[in-house]
Amino acid sequence: MEYKDTLRMPKTEFPMRGNLPNREPQIQAKWEELNIYQKVQEHTKGRPLFVLHDGPPYANGDIHMGHALNKVLKDFIVRYKSMSGFQAPYVPGWDTHGLPIEQALTKKGVKRKEMSVAEFRELCEEYALGQVESQKRTIQTCRGSR
């Protein structure tokens, strides 16, 4: 007799292995097809509003594990609030101002002292918006598009 035959295991349709790299895109596609996010927002409409802006990441570099942890923790909070009687929409955002962007440009060789403040700010804006687009692509690639 096989040892496994002596165990009382529940009968279930769940597979023994998660196989997430293959199954997660299918699950995401199903959620998008069912319009889950929009349905939750419609269901919670009119409740007290809870908004947690999802930002940073700072727009001065590539996405890394710290950003992923930040997003997961904020997702927990927003979902908890939604299930606790609040209307809690997902509000993405980026921190696109300040010293980190200025430092990134300086490291790339931009001579801040040799241009006007307006010219430098324009370069900062272009750099930040480019980083936002790059991070959007990276985030969407990692989790599927929302």
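About the criteria used
- For every chain, the first residue of the written sequence is number 1, and numbering continues from 1 onward in sequence order.
- Owing to the predicted nature of the model, reporting of local features is limited to residues with pLDDT of at least 70; listing and counting of side-chain atom pairs is limited to 80 or more, with chain, interface and lining totals taken over all residues.
- Excluding hydrogens and water, the side-chain values take into account all heavy atoms of the structure.
- Strands are runs of DSSP state E lasting at least two residues, helices are runs of H or I lasting at least four, and both sets are numbered from the N terminus onward.
- Summary of the burial criterion: residues with accessible area below 20% of their type's maximum are buried, those above 50% are exposed, and those between are partly exposed, where the area comes from a 1.4 Å probe applied to protein chains only.
- Whether two residues are in contact is decided by their heavy atoms, any of which lying within 4.5 Å being enough.
- By this rule, a helix spans an expected 1.5 Å times one less than how many residues it contains.
- What the arc measures is the spread of directions leading from the helix axis to the C-beta atoms.

Backbone geometry at Asn19 places phi at a positive 50°, although glycine is not the residue there. Turning to its location among the elements, Asn19 is positioned in the segment before α1 (20–34).

What follows covers the environment of Phe120. Residue position: Phe120 is located in helix α5 (residues 117–143). Exposure remark for Phe120: the relative accessible area of 4% places this residue in the buried category. For the pair Phe120 and Val110, spaced 10 residues apart in sequence, the C-alpha separation works out to 8.6 Å. Phe120 has contacts with Glu102, Leu105, Val110, Arg112 and Met115, leaving out every residue within four places of it along the chain.

Turning next to α1. When the terminal C-alpha atoms of α1 are compared, their 20 Å separation across 15 residues agrees well with the 21 Å that a helix rising 1.5 Å per residue should span. Asn35 sits one or two residues past α1 and shows a positive phi near 60°.

Turning to helix α3 (residues 65–83), a few remarks are in order. If you check α3, its first and last C-alpha atoms are 27 Å apart, about what 19 residues at 1.5 Å a residue would give, namely 27 Å. The complete set of buried residues in α3 reads His67, Lys74, Val78 and Ser82. Down the axis, α3 shows its buried residues gathered within 80° of arc, on one side only. Along α3, the residues that are exposed and aim more than 90 degrees away from the buried face are Met65, Phe76, Tyr80 and Met83. Lining the buried residues of α3 we find α2 (36–44) and β1 (53–54).

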